[in-house]
Amino acid sequence: MFLQTIINGLLLGALYAIVGMGLSIVFGTMRIVNFAHGQFVMVGMYITYTLFTVFGLDPYVSAIASFILCFLLGMAVYRLAIHRIVRQSDMNHILLTAGVGLMLTNLAQMVYNTNQLTINLSYSHHDLVIGGLRINIAYLISFVIASVVAALLFWFIMKTETGRAIRAISQNDAAAALSGIHVTRTTMLAFGLGIAVAGVAGTLLLPIHYVDPSVGDAFSLLAFIIVVLGGMGSILGSAVGGLLIGVIAQLASYYLGQSYSDVLTYIVFLLVLLFKPSGLLGRSRV
Amino acid sequence: MRNRRPTRLLATLTLAGLFALAGCGTGNSGAQGASGNSGGGSGSGDTLTLGVITSITGADSEFGKAQKEGYEVALDEINAAGGILGKKVQLVYLDDKSSAQEAAKDVDQLVSQYHAQLILGPYSSGSALAVVKKADTYKIPDIVPTATAANVTQTGSKYVFRLCATSDDYAKAICDLLKQQGDAKTMAIVHEDQNFGTSAEKAMLKYAQQYGFQVVDDESYSTKDLDYKAMLQRVKQKHPDVIYFASYSKDAVALMKQAQEIDLDAKYFTAAGTGFSVATFPQDAGKAAEYTLAAGQWDPSAKWQGSKEFYDKVHQKFGDYPSYHDMEAYAALYVAKAAIEKAGAYDAQKIRDALANLQMDTAFGPIKFDSTGQNAHPVIVTQVQNGKFVTVYPPDAASGKLLPTPPWSQRK
Amino acid sequence: MNRIRSWILPVLALIVFAVIPFTASFYYQQIFFYIFLFAGVGFAWNLVGGYAGQLSLGHAAFFGIGAYTYALLAQHIGVWPALLAAAVLSTVSAAPIGLICFRLRGPYFALATIAVAQLLLVLATNQFKDLTQGAAGLLVQGMVSDPSLYYWVALGFMILAFAITALLATSKTGYYLMAIREDEDTAQTVTINTPLYKLYALLVSALLTGVGGAIFAANLGTIQPNDVFSGAISNQVVFLSILGGTGTLFGPLVGAVILEFASDWLKNALTGVAWLGDPNAFAFFLYGLLIVLVVMFMPAGIVGTLTKWWKGRVARVQSQRTTAAGV
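Everything numeric here is computed off the predicted structure, so don't read it as measured data. Each chain carries its own residue numbering, running from 1 in the written order of its sequence. Chain A is the first chain written and ligand 1 is the first ligand written, with later ones labelled in order. Local features in a predicted model are, by the rule used here, given only for residues with pLDDT of at least 70; side-chain atom pairs are given and counted only at 80 or more, and totals for whole chains, interfaces and linings are based on all residues. Neither water nor hydrogens contribute to the side-chain values; these are computed over all heavy atoms in the structure.

Engineer: Mind showing me how you'd approach the overall build of chain B here?
Structural biologist: Strands are runs of DSSP state E lasting at least two residues, helices are runs of H or I lasting at least four, and both sets are numbered from the N terminus onward. For chain B, the helix and strand inventory stands at 12 helices and 14 strands. When a residue's accessible area, from a 1.4 Å probe over protein chains only, is under 20% of the maximum for its type it is buried; when over 50% it is exposed; and in between it is partly exposed. The buried share of chain B, reckoned over its 412 residues, is 62%. A fraction of 69% describes how many contacts in chain B between residues 6 or more apart in sequence connect residues 24 or more apart. Two residues qualify as a contact provided that any one of their heavy atoms is within 4.5 Å of a heavy atom in the partner residue.

Shown next as structure tokens:
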């Protein structure tokens, strides 16, 4: 049972990881404290839900649509609002994005009401059984997609021209601007990318969890926990952080009881903030 | 700097525009019932305005909508039959936004702006506690249609009258049924961690002890949790004969599907109504819903006169399949009518006394309130059989026989 | 002269507040109850979030501790001793919370405060169910016999909170706190004991917030963890302070008045407007939009912006006078 719990934890953790990865770009790299991250995950869930119910589109196919729509939404939000205050204090980042989150939540409630919506997939409650260990198929697909997204993201940030520009801005935006990088456009792109990944996370969550307007609230804090745990500015760190939180949550649920998974997550978070503020794989923070 | 000004102007204009739009909309609000401030004199003229508190928005809005459908059907019938005391009845719905704080404020508003002498609602137990407390300070009777938590009628107030059976009654009915079956000894309780689930858990802990069932596991979860398998594995290790769930809709479906997934077997999957007795449960949970037993308040097949007609009317008017939440609201308005007519006037104290001595038959069964304001409503237990709810307990209400629950491995 | 003028507004406000209960309905008295209550808690938050510039998003922790202390003790030790206990316990609880969270800065501080409040919410709901009855809820003993008296309780609380924060803010401590907000490292190098002053502000803030929670619980008559420990409480306090103006004396009151009345007006005006879908959601959508616009265009809040505008006007008038006199 211990091994099974670990496996369940890793499968759940992959979902957490992809929730965290989007924020890793926005907060970890671009230093935009986005308190609306969870709400963008919620938007991704509604996009997927709508495409499924209206067009019968398989949720794993609509991940692409989620990515594109959330990318555009993210860039628009950046250009219209965040851009104006991006050089101001963290406090203003937090308040502004909290306001954006409130707008998104309630817009969703105006359109979809507060009903908890789910999609019924034939495979979301079936397991592969390998050597006595059960692996849920919906989770497994999500795990694979999350890994692919993580790899693509890593490649994009490390190997492409835009990725290098993003990293340059995160280290020193004045110097980056001097060396000919278009700071505003690149930051907007990076923000859009982070939100797009949040949208994909929403898509992957829908087959296993209902969506309602307030579902995003819990994901914002969770995403920050994962980014801080993994280490600022490290996409790989967020992946590891997500997996770790997933395993901790499952072990706590199994050995102590369901409600302890939240208790332990928050305690681990506070301990990391206090004793290892640079996270597991991050650069140390000044 | 130069291009800042237009943006600021634009922002101000947008906001002003939004408020203006909101203002324009006000004109339509009369369609909902009595509009804002004009409804002052509740007893005046030839209309009688009654105040309803329910959850139109927020987490409980699904159930608030069901309640509203029940009230609306009753309102149509009553007005068609000549109203109350010869006056046409109007309902004003105040939204508690699924919060106790707002529900208490609604009582103030009903009393101040509508001179309410009687309050109907709210939906949830959390809100009901606050409403009962508040109504008591004004000495205005409150008819509670749906809130099941035991403590709603335990505040010491003389002004609360509850139609529905309580979480205690649910637990007792399940224990009675299990005792009649005779082959259950151990029990696990799995409940959501908000007001409804926690009240149901407390009630079952009390009755299980009374009936001699050993509670081997007691698990709480949040409906926001992504996954319940770890918790269900804990239950599985204790091998309980009976599992008692207290769940809302989506979590009930997820719990049963995941129980099937991990082969969590029990002789009886039982539940405190709600998620396990909403009309969509058998379809949403599919095969995993089969054989589950749920304590509930009402089924369209009930023998009380008007039950089936009510079901058809709601379905015709709103296209929904009514559950007991609709029915309880429907019956509540009839109870209000009977009480006001018996009192002979729209007066809080007289209505309260009339309610205390009321005895009447409704489509929800006979109504009579005891000294704490509780109506002794019989609880039924339904079982999902071939995708349909069949009443299996008590024997005098049963429309079918209880089927034993086969292990998952032997189901097709 | 100037001193007298600065008293005009508060005295006028007090006169208005004293007259209201004799003219307004019970409903509006309750609306004012919540205005005073949340303005008072807003004043308390303003010490930490406004003057010291430490964005606490977890004040529900102190609000909830105050509420539960009162709810659990009022029947046993009496109403006023229970209120005192609520004040003491919320203050005491602020010490470890402050020691932990103040080791962090910026967004990390804000995140830690949320985590602490969320942790308490989960614990009160599940782990400490024997004590709190979990979400089944506790019945709470009322503070005063007549419900209309809560108006005065809340007004008294707000005046107390205002007096304490105004005294602190205009004293040496207030200047130290503002120095911390502007630049914590510099403040430290000019020998301000920054951890001590931040903790001092938090303790006072927690005390007042805890008393606010107790009054909230007594007026409602029943509480469950979600009513008092939730993020909605924390956020409401922050948002009304931002709207009114952080780090200004009157900001929280102005914010509370606007938000409560807007929310009441929207609730009644929008009911039945079909195309909105959910009128309450639309009200909160506007609320979110308002916050975004305030942060973007009016970061000093209403009071801060007006003060700046007024000072600018006075300065202009004075300079005009001097030039006129010069000519």
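Engineer: Explain the interface of chain C and chain A here, please?
Structural biologist: The accessible area lost on association of the parts is a frequent measure of interface size. Taken together, the contact between chain C and chain A spans 41 residues of the former and 38 residues of the latter. Buried area, as used here, totals the accessible surface that two parts lose on assembly, with accessibility defined by a 1.4 Å probe and the loss added over both. Summed over both partners, the interface of chain C with chain A comes to about 3,500 Å²; 81% of that surface belongs to carbon and sulfur atoms. Side-chain atoms alone can form a polar contact between residues adjacent in sequence; in general such a contact is a pair of N or O atoms within 3.5 Å, and within protein one must be able to donate a hydrogen while the other accepts it. Along the contact surface separating chain C from chain A lie one residue pair in polar contact (both at pLDDT 80 or more). At the level of secondary structure, the elements contributing two or more residues to the side of chain C that touches chain A comprise helix 2 (26-51), helix 5 (106-127), helix 12 (231-244) and helix 14 (279-297) of chain C.

Engineer: Just checking my understanding: could you explain a nonpolar patch on the surface for this structure?
Structural biologist: Residues and elements named next belong to chain A. The grouping of Phe154, Met158, Leu236, Val240, Leu244, Leu280 and Leu281 at the surface amounts to a nonpolar patch, some 560 Å² of accessible area in total. Contributions of two or more residues to the nonpolar patch are made by helix 5 (137-159) and helix 10 (235-255). For the nonpolar patch, the element with the highest residue contribution is helix 10, accounting for three residues. Summarising the element assignment, Leu280 is placed in the segment after helix 11 (260-275). Accessibility expressed as a relative area gives 41% for Leu280, which makes it partly exposed. Patches were defined on residues exceeding 30% relative accessible area and lacking a salt bridge, with like-charge contacts within 9 Å and nonpolar side-chain contacts (Val, Leu, Ile, Met, Phe, Trp, Tyr) within 5 Å. Every accessible area reported is derived by Shrake-Rupley at a probe size of 1.4 Å, with residue values counting cover from the shown protein chains alone. For this analysis, a salt bridge means a side-chain nitrogen from Lys or Arg found within 4 Å of a carboxyl oxygen belonging to Asp or Glu.

Engineer: I keep staring at the sheet that holds strand 2 (residues 88-95) of chain B and nothing clicks. Help me out?
Structural biologist: Sheet strands associate in pairs through backbone hydrogen bonding, adopting either a parallel or an antiparallel arrangement. Residues and elements named next belong to chain B. Strand order in the open sheet formed by five strands is 2-1-3-4-5, with parallel pairing between adjacent strands. Pairing within the sheet leaves two strands with one partner each, and these edge strands are strand 2 and strand 5 (160-162). Inspection of the sheet shows strand 1 (residues 47-54) paired to strand 3 (residues 119-120) by two bridges, in the parallel sense. Residue pairing across strands places Val52 opposite Leu120, the latter belonging to strand 3. Strands are treated as partners if at least two bridges between them are detected by DSSP.

Engineer: Help me out: how do you make sense of the side chain of Lys97(B) in this one?
Structural biologist: Inspection of the secondary structure assignment puts Lys97(B) in the loop between strand 2 and helix 3 (100-114). The buried charged residue Lys97(B) lacks any salt bridge partner; its closest oppositely charged side chain belongs to Glu102(B), at an N-O distance of 4.1 Å. Ignoring any residue separated from it by four or fewer positions in sequence, one finds Lys97(B) in contact with Thr57(B), Gly58(B), Glu102(B), Ser263(C), Lys267(C) and Asn280(C). Charged-residue counts in this description rest on Lys and Arg as positive and Asp and Glu as negative, His and the chain ends being excluded.

Engineer: Any chance you could explain the interface of chain A and chain B here in plain terms?
Structural biologist: Opposite the 31 residues of chain A that make contact, chain B presents 28 residues. Summed over both partners, the interface of chain A with chain B buries about 2,600 Å², with 43% contributed by carbon and sulfur atoms. The three residues of chain A that bury the most area against chain B are His125(A), Tyr254(A) and Gln258(A), which together make up 26% of that side's buried surface. Across the contact surface, chain A and chain B share one salt bridge. There are 15 residue pairs in polar contact (both at pLDDT 80 or more) connecting chain A and chain B. Mapped onto the side of chain A that touches chain B, the elements with two or more residues apiece are helix 1 (2-29), strand 2 (133-136) and helix 10 of chain A. A breakdown of the residues in the side of chain A that touches chain B according to their chemical character gives 12 nonpolar, 16 polar and three charged. By the convention adopted, Pro, Cys, Tyr, Trp, Phe, Met, Ile, Leu, Val and Ala count as nonpolar, Lys, Arg, Asp and Glu as charged, and the other residues, Gly among them, as polar.

Engineer: I'm lost on the domain arrangement of chain B in this one. Help?
Structural biologist: Residues and elements named next belong to chain B. Taken domain by domain, chain B holds domain 1 (47-165 + 303-367) and domain 2 (168-296 + 379-410). Where each domain starts and ends follows an automatic or database-derived domain assignment. Here the C-alpha centroids of domain 1 and domain 2 sit 29 Å apart. With 10 residues of domain 1 in contact, the opposing surface of domain 2 contributes 13 residues. Summed over the three residues of domain 1 that lose the most area to domain 2, namely Phe63, Ala165 and Tyr324, the buried surface amounts to 40% of that side. Connecting domain 1 to domain 2 are zero salt bridges. Taken together, the elements giving at least two residues each to the side of domain 1 that touches domain 2 come down to helix 2 (61-80) and helix 4 (125-138). Its residues assigned to classes, the side of domain 1 that touches domain 2 shows six nonpolar, three polar and one charged.

Engineer: Mind showing me how you'd approach the sheet that holds strand 13 (residues 380-385) of chain B here?
Structural biologist: Residues and elements named next belong to chain B. Across the sheet, seven strands lie side by side as 7-6-8-9-10-13-14; this open sheet has mixed pairing. Each end of this open sheet is capped by a strand with a single partner; those strands are strand 7 (214-221) and strand 14 (388-393). The average undirected angle you get between the axes of adjacent strands in this sheet is 25°. Pairing analysis gives seven bridges linking strand 6 (residues 186-192) to strand 7, with the strands arranged parallel. Counterpart to Val190 in the pairing with strand 7 is Glu219. An axis is simply a line fitted to the C-alpha atoms; with a helix, the fit covers only the stretch in contact. Between two such axes, the angle follows the N-to-C directions and lies from 0 to 180 degrees.

Engineer: In this structure, what is going on with the pattern of salt bridges? I would like to understand it.
Structural biologist: Any two side chains of opposite charge can pair, on the condition that their charged atoms come close. All names here are of chain B. All told, the structure shown has 27 salt bridges over all chains when counted by the stated rule. Between Asp108 and Lys134 there is a salt bridge, with the nearest N and O atoms lying 3.3 Å from each other. Separated by 26 residues along the polypeptide, Asp108 in helix 3 and Lys134 in helix 4 bring together distant segments of the chain. Considered together, Asp108 and Lys134 belong to a single accessibility category, that of buried residues. Put simply, Asp353 and Arg352 hold a salt bridge, and the shortest N to O gap is 3.2 Å.

Engineer: I'm lost on the pairing of strand 1 of chain B in this one. Help?
Structural biologist: Regular strands have side chains that alternate between both faces of the sheet. All names here are of chain B. With seven of eight residues buried, strand 1 lies mostly within the body of the structure. Alignment of strand 1 against strand 2, held across eight bridges, turns out to be parallel. In the strand pairing of strand 2, Ile53 is matched with Leu94.

Engineer: How should I be thinking about the confidence of the model for chain B in this particular structure?
Structural biologist: Parts of the model with low pLDDT should not have their predicted coordinates read in detail. pLDDT is a residue-level measure of predictor confidence that goes from 0 to 100. For chain B, mean pLDDT is 88; residues scoring 70 or higher make up 89% of the total. Counting contacts from residues 1-42 of chain B, a segment whose pLDDT is below 50, to residues more than four positions away or on other chains yields 47 contacts.

Engineer: Can you help me understand the packing of aromatic side chains in this one?
Structural biologist: How two aromatic rings sit relative to each other is given by the distance of their centres and the angle of their planes. Only Phe, Tyr and Trp rings are paired, with Trp represented by its six-membered ring, and only when their centres lie within 6.5 Å; those with planes under 30 degrees apart are stacked, over 60 edge-to-face, the remainder tilted. Inspection of the entire model under this criterion finds 44 aromatic pairs over all chains. Between Tyr27(C) and Tyr28(C) the ring centres are 5.2 Å apart and the planes differ by 65°, which places this aromatic pair in the edge-to-face class. A residue is classified by how much of its surface remains accessible, and Tyr27(C), at 3% relative accessible area, is buried. Here Tyr68(C) and Phe229(C) contribute two aromatic rings whose centre-to-centre distance is 5.9 Å and whose plane-to-plane angle is 10°, an arrangement assigned as stacked. Separated by 161 residues along the polypeptide, Tyr68(C) in helix 3 (residues 60-77) and Phe229(C) in the loop between helix 11 (225-228) and helix 12 bring together distant segments of the chain. A relative accessible area of 5% means that Tyr68(C) is categorised as buried. Residue Phe229(C) is classed as buried on the basis of its relative accessible area of 5%. Pairwise contacts between aromatic rings join Phe17(C), Tyr27(C), Tyr28(C), Phe32(C), Phe36(C), Tyr151(C), Trp152(C) and Phe261(C) into one cluster. Over the ring of Tyr93(B) we find Lys68(B), and its NZ or CZ is 5.0 Å from the ring centre. The cationic tip of Arg411(B) hangs over the ring face of Trp408(B); the distance from NZ or CZ to the ring centre is 3.8 Å. Charge-over-ring contacts are defined here by two conditions on Lys NZ or Arg CZ: a distance within 6 Å of the ring centre and an angle within 35 degrees of the ring normal.

Engineer: How should the packing of helix 10 (residues 307-318) of chain B against helix 11 (residues 324-343) of chain B be read in this particular structure?
Structural biologist: Helix-helix packing is described using two parameters, namely the angle between the two axes and the distance between the axes. Residue and element names in this part refer to chain B. Closest axis-to-axis distance for the helix 10/helix 11 pair is 11 Å, and the angle between their directions is 110°. Comparing their axes, helix 11 and helix 10 come out roughly perpendicular. Contacts from Ser307, Phe310 and Val314 of helix 10 reach helix 11 at Asp326, Met327 and Tyr330. Residues belonging to the contact of helix 10 with helix 11 are distributed by class as follows: four nonpolar, one polar and one charged. Small angles under 35 degrees read as roughly parallel and large ones over 145 as roughly antiparallel, with 65 to 115 read as roughly perpendicular and the rest as oblique.

Engineer: Whenever I open this one, unusual backbone geometry confuses me. Can you help?
Structural biologist: With the exception of glycine, most residues fall at negative phi, and the peptide bonds are largely trans. All names here are of chain B. Cis geometry is found at the peptide bond from Gly121 to Pro122, where omega equals 0°. Mapped onto the fold, Pro122 is located in the loop between strand 3 and helix 4. For the peptide bond that leads from Tyr393 to Pro394, omega is -5°, which places it in the cis range. Tracing the chain through its elements places Pro394 in the segment after strand 14. Of note in this structure, Thr274 is not a glycine but carries a positive phi near 45°.

Engineer: Whenever I open this one, the nonpolar core confuses me. Can you help?
Structural biologist: Side chains of a nonpolar character, in soluble globular proteins, are inclined to be buried together. Nonpolar cores are built from buried Ala, Val, Leu, Ile, Met, Phe, Trp, Tyr and Cys residues. Side-chain atoms within 4.5 Å join them into one set. Grouped together as the largest cluster of nonpolar side chains are 217 residues, with contacts concentrated most on Tyr70(C) and Met143(C). With residues up to four places along the chain from it excluded, the contact list for Tyr70(C) reads Val79(C), Ala82(C), Leu83(C), Ala86(C), Val140(C), Gln141(C), Gly142(C), Met143(C), Ala214(C) and Ala218(C). Formed by 89 residues, the second largest nonpolar core is a distinct cluster that contains Leu91(B), Ala329(B), Leu355(B) and Val392(B).

Engineer: What is the right way to look at the packing of helix 2 (residues 37-55) of chain A against helix 3 (residues 59-85) of chain A in this model?
Structural biologist: All names here are of chain A. Where helix 2 contacts helix 3, the axes come no closer than 9 Å and their chain directions differ by 135°. On the basis of their axis angle, the class for helix 2 and helix 3 is oblique. Taken as a pair, helix 2 and helix 3 cross one another with a handedness that is right-handed. Touching Phe40, Val43, Gly44, Ile47, Thr48, Leu51 and Phe52 of helix 2 are Pro59, Ser62, Ala65, Ser66, Leu69, Cys70, Leu73 and Val77, all from helix 3. A per-class count over the contact of helix 2 with helix 3 returns 11 nonpolar, four polar and no charged. Left-handed describes a crossing whose near helix is turned anticlockwise from the far helix through less than a right angle; right-handed describes the clockwise counterpart.

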